[in-house]
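# Structural features, examined
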Amino acid sequence: MTTTAIILCFLALLFQLLNLNNNIVYFSAYASSSTFGVGSQQWQLLQKSIGIVSMHMQLLNNDRVVIFDRTDFGLSNLSLPQNKCRNDPNEKVVKTDCTAHSAEYDVLANSFRPLMVQTDVWCSSGAVSPDGRLIQTGGFNDGERAVRIFRPCAGCDWEEIQLGLAVRRWYATNHILPDGRVIVIGGRRQFNYEFYPKSDQANTVFPLRLLAQTNDRNEENNLYPFVYLNVDDTLFIFANNQAVLLDYKKNIVVKTFPPIPGGDPRNYPSTGSSVLLPLKKLQQPSIEAEVLICGGAPRGSFPRAKAGDFVKALSTCGRIKITDQNPQWLMETMPLARVMGDMVLLPNGNVLIINGAGSGTAGWEYGRDQVLSPVIYQPNSPFGSRFEVQSPSTIPRLYHSTAVLLRDGRVLVGGSNPHVYYNFTNVIFPTELSLEAFSPSYLDSKNVNLRPNIILPASQVKVGYGQRLAVRFLVLAANLSAVSVTMVAPSFTTHSFSMNQRLLVLYVVGGVVSVSRSTYEVKVMTPSTGVIAPAGYYLLYVVHQEIPSDGIWVQIQ
Ligand SMILES: *[C@@H]1O[C@H](CO)[C@@H](O)[C@H](O)[C@H]1NC(C)=O
Ligand SMILES: *[C@@H]1O[C@H](CO)[C@@H](O)[C@H](O)[C@H]1NC(C)=O
Ligand SMILES: *[C@@H]1O[C@H](CO)[C@@H](O)[C@H](O)[C@H]1NC(C)=O
């Protein structure tokens, strides 16, 4: 911590104590924030090793992140508690395994505990149900049709539903729906989709031609498709270099988009990443939705990487307004080419592009030239000045690495396991068991006067649809014309795609009003329907001059 940072922290604390009428909630929220005073140091090593690889991650509403790798690549470096072991005759590598392949990371305590999965969760998918449980589906081998539930509660562990899926799902994408069900789309050799839970036993699997059409011979390039719930209750599905809108209720494709210019693939193993850009102007009768897809690897990169030729990754992003009558791609160029990047929506609506490699592809030993510097994309800046390179990490994060947003605005970064086994030595990119946090510059101590703190409502508030919600916050140096309120759905992240990631810029009713010294209130409208915001837990932030507060949890229902 620099001296300036200490002084700023002290001043802020003093200021707060003088504002005691603004109640205790703020004080405790402030005291628990670990992000002030980090100066301009953007990277923080949180854990040297959690004993497993952060191959899949999901933040739950108890500020704990469920993490897992796979059960079929040897013994992890994290023991199961109480002499528990898994005896699984179907296992490919270790039939009696007393190590964990899943863990729960407690963000506030910076601690972790082992969890026990029963079957192989490798390359699976997930979504959080409206009541806050993680519904995780599929995987490999004995886990390929399993559904697993993880409840956010003290001491809880995985519950397994055997044969919960109609068919095997390996490298599928899930999305939560407005009716609370999850749609599970694709997976290796599955050109179809299904729902969980099942409402109709008779017709459980629905074909999707897009997946058959985009499956490249010898390299696939359409696994983990990018899927978003559109504002008209259709699903945008992008695979390889093509996209459609699917009416999942009638099981028909209602629109086909032009292919992304250049024609190169963007999905596994030519793994790019993607986000649904922030949904805004939510009061308007027709809301616009835009999708951004960045990076990937040119067609043919996978077989060439197999032969030892590591092709330079793609440096282009495609952006498309999917609600347009006649949508067209706008192409932009990133400052760094990247395959296997992760795209994370930050609370202020900017997009972080992080992790990955500069050449090669996803898959065993096929990535090269780690890209250590994240890039921030500012969707509202003028074309040509949207990207900003950030300070680099020191740890390569290639295949099987992840990044998720935390409540306090940091981004949790983990994983990297480009080998069939854990392999910590004798390989170019050793398997990585560490966890780091990336702090965007909004957390710099120089921004302490601009950073809002939410006083009311208290975290875990329940809200309805289309309601007025008063949000009270403190900020030392207020600019009342630069306040917005955002809501972010935490995502299930694996293989460079964050499923269910969604950010809403809430409609502000009237203006921001001053309540008392440095205390303000802004009234917003909660989203109008479950199509705009499927029921469940979201992080709500007050954003002031692009600087977000700590989030609070809101459950919309
Ligand atoms: C695994 O755990 C052991 C004992 O805790 C430790 O000495 C070793 O460094 C760990 N290995 C890795 C790769 O983290
Ligand atoms: C990786 O680990 C496996 C299992 O421990 C071992 O058989 C293999 O030789 C290792 N590979 C390298 C390159 O060290
Ligand atoms: C206040 O915010 C508005 C909107 O972002 C901006 O145009 C203006 O320059 C800001 N004023 C100050 C004093 O920073």
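Residues numbered from 1 in each chain as written. Chains lettered and ligands numbered in written order. Predicted model: local features only at pLDDT ≥ 70, side-chain atom pairs only at ≥ 80, totals over all residues. Heavy atoms only, no water.

We apply this condition: UniProt positions are given in the numbering used here, feature names are shortened, and annotations may be inferred rather than shown by experiment.
Under an unreviewed UniProt entry, the name given to the protein chain is Aldehyde oxidase GLOX, and the organism recorded is Stephania japonica. As recorded by UniProt, the Subcellular location (unreviewed entry) comment attached to the protein chain reads in full: "Secreted".

### Considering the overall build of the protein chain
Note the following rule: Counting from the N terminus, the helices are the DSSP runs of H or I reaching at least four residues and the strands are the DSSP runs of E reaching at least two. Each residue is placed in one exposure class: buried if its accessible area under a 1.4 Å probe, protein chains only, is under 20% of its type's maximum, exposed if it is over 50%, and partly exposed if it falls in between. Note on contacts: a residue pair is in contact if any heavy atoms of the two residues lie within 4.5 Å. For accessible areas, the Shrake-Rupley method is used with a probe of radius 1.4 Å. Any residue's cover is judged against the shown protein chains and nothing else. In this tally Asp and Glu are treated as negative and Lys and Arg as positive; neither His nor the chain ends contributes. By convention, the point assigned to a charge is CZ for Arg, NZ for Lys, CD for Glu and CG for Asp.
For the protein chain, the count of helices and strands is four helices and 44 strands. When the 557 residues of the protein chain are sorted by exposure, 63% land in the buried category. Of the contacts made within the protein chain by residues no fewer than 6 positions apart, 62% connect residues no fewer than 24 positions apart. When the accessible surface of the protein chain is split by element, carbon and sulfur atoms take 53% of a total near 19,800 Å². In the protein chain, the 46 positive side-chain charges and the 41 negative ones have mean positions that sit 3 Å from each other.

### Describing the pattern of salt bridges
Quick reminder of the rule: The rule for a salt bridge is simple: a side-chain nitrogen of Lys or Arg has to be within 4 Å of a carboxyl oxygen of Asp or Glu.
All told, the structure shown has 28 salt bridges when counted by the stated rule. For the salt bridge of Asp88 with Arg86, the shortest nitrogen-to-oxygen distance reads 3.3 Å. Among the residues examined, Asp88 registers a relative accessible area of 6% and is labelled buried. On the basis of relative accessible area, Arg86 is assigned to the buried category, the value being 6%. Note that Asp131 is salt-bridged to Arg133, the shortest N-O span being 3.0 Å.

### So, the environment of Ala489
With respect to the element layout, Ala489 can be found in strand S36 (residues 483-489). Here the alpha-carbon distance between Ala489 and Ser54, two residues 435 residues apart in the chain, equals 20 Å. Not counting the four nearest positions on each side in its chain, Ala489 is found in contact with Asn500, Gln501, Arg502 and Tyr538.

### Remarks on the packing of aromatic side chains
Note the threshold: Two rings belonging to Phe, Tyr or Trp (six-membered ring only in the last case) form a pair when the distance between their centres is within 6.5 Å. Interplanar angles under 30 degrees mark stacking, angles over 60 mark edge-to-face geometry, and anything in between is tilted. Here, a charge over a ring means that NZ of Lys or CZ of Arg falls within 6 Å of the ring centre while also lying within 35 degrees of the ring normal.
What the rule picks out here adds up to 28 aromatic pairs. For the ring pair Tyr193 and Phe195, a centre distance of 5.9 Å and an interplane angle of 85° mean the geometry is edge-to-face. Here Tyr193 falls in the buried class, since its relative accessible area comes to 0%. Counting every residue linked through ring pairs, the aromatic cluster contains Trp122, Phe140, Trp170, Tyr171, Tyr224, Tyr268, Trp364 and Tyr399. Directly above the aromatic system of Trp122 lies the positively charged group of Arg70, at a separation of 3.9 Å from the ring centroid. Positioned above the aromatic ring of Phe310, the side-chain terminus of Arg368 is 3.9 Å from the ring centre.

### Digging into the state of the cysteines
Going by this rule: Pairs of cysteine sulfur atoms within 2.5 Å are what we label disulfides.
A complete count under the given rule lists three disulfides for this structure. Put simply, Cys153 and Cys156 are joined by a disulfide, and their sulfur atoms are 1.9 Å apart. One quick way to see it: the torsion about the S-S bond of Cys153 and Cys156 is about -95°, and its sign makes the bridge left-handed. Disulfide partner of Cys294: Cys317, at an S-S distance of 2.2 Å. Disulfide Cys294-Cys317: torsion about the S-S bond near 110°, hence right-handed. Linking Cys294 in strand S21 (residues 290-294) with Cys317 in strand S22 (residues 316-321), this pair joins segments that are 23 residues apart in sequence. Judged by relative accessible area, Cys294 falls into the buried class, the value being 4%. Disulfides within the protein chain link the bonded cysteines, taken in sequence order, as 1-2, 3-4, 5-6.

### A short note on the UniProt feature "domain: Galactose oxidase-like Early set" (unreviewed entry) in the protein chain
Mapped onto the present numbering, the UniProt feature "domain: Galactose oxidase-like Early set" (unreviewed entry) falls at residues 451-556. Between the end C-alpha atoms of residues 451-556 there is a gap of 25 Å, over a span that is 0% helix and 60% strand.

### A look at unusual backbone geometry
For the bond from Tyr268 to Pro269, the omega torsion is 0°, close enough to zero to count as cis. As for its placement among the helices and strands, Pro269 is situated in the loop between strand S19 (252-256) and strand S20 (273-276). Of note, the bond from Leu456 into Pro457 is cis; its omega dihedral lies within 30 degrees of zero at -5°. Relative to the helices and strands, Pro457 resides in the loop between strand S33 (453-456) and strand S34 (461-463). We note that Asn221 has phi near 60°; this positive angle belongs to a residue other than glycine. Judged by its relative accessible area of 0%, Asn221 falls in the buried class.

### Some words on the pairing of strand S25 (residues 351-354)
Short version of the rule: Pairing between strands requires that DSSP locate at least two bridges from one strand to the other.
Residues Val351 and Ile353 line one face of S25 and the alternating positions Leu352 and Ile354 line the opposite face, and both faces are buried. Where strand S24 (residues 342-345) hands over to S25, the hairpin turn is made up of five residues, of which Gly349 adopts a positive phi near 95°. In this sheet, strand S28 (residues 375-377) lies alongside S25 in antiparallel orientation, the contact comprising three bridges. Following the sheet pairing, Leu352 is matched in S28 by Ile376.

### Some details on the site of ligand 2
Where we set the bar: Residue proximity to a molecule or strand is established when one non-hydrogen atom of the residue lies within 4 Å of it. Polar contacts, as counted here, are pairs of nitrogen or oxygen atoms within 3.5 Å of one another; within protein the pair requires one atom able to donate a hydrogen and one able to accept it, and residues that are adjacent in sequence qualify only if both atoms are side-chain atoms. Classification convention: Asp, Glu, Lys, Arg as charged; Ala, Val, Leu, Ile, Met, Phe, Trp, Tyr, Cys, Pro as nonpolar; all other residues, Gly among them, as polar.
For ligand 2, the full set of nearby residues is Tyr421, Asn423, Thr425, Asn426 and Val427. Asn423 places a polar side-chain atom, nitrogen or oxygen, 2.5 Å from a nitrogen atom of ligand 2. Compared with its free state, where it exposes 370 Å², ligand 2 has 41% of that area covered by protein. Per-class residue counts for the shell around ligand 2 are two nonpolar, three polar and no charged.

### Description of the side chain of Gln390
Structurally, Gln390 can be placed in the loop between strand S29 (387-389) and strand S30 (401-405). Excluding anything up to four places from it in sequence, Gln390 contacts Gln42, Ser373, Pro374, Val375, Ile376 and Phe438.

### Details of the sheet that holds strand S8 (residues 125-128)
Condition: With axes taken as lines fitted to C-alpha atoms, and helix axes fitted only over the stretch in contact, angles between N-to-C directions fall between 0 and 180 degrees.
Spatially, the four strands line up as an open sheet ordered S8-S9-S10-S11, and their pairing is antiparallel. Strands with a single pairing partner mark the edges of an open sheet, and in this sheet they are S8 and strand S11 (159-161). For this sheet the average axis-to-axis angle between neighbouring strands, irrespective of direction, equals 20°. In the sheet, S8 pairs with strand S9 (residues 134-137) via four bridges, with the strands oriented antiparallel. What sits directly across from Ser125, in S9, is Thr137.

### Focus: the site of ligand 3
In the region of ligand 3, the neighbouring residues are Asn479, Ser481, Ala482 and Gln545. Ser481 places a polar side-chain atom, nitrogen or oxygen, 3.5 Å from an oxygen atom of ligand 3. Interatomic distance of 3.2 Å between a side-chain N/O atom of Gln545 and an oxygen atom of ligand 3. Relative to its unbound accessible surface of 360 Å², ligand 3 loses 29% to contact with the protein. Grouping the constituent residues of the shell around ligand 3 by class yields one nonpolar, three polar and no charged.

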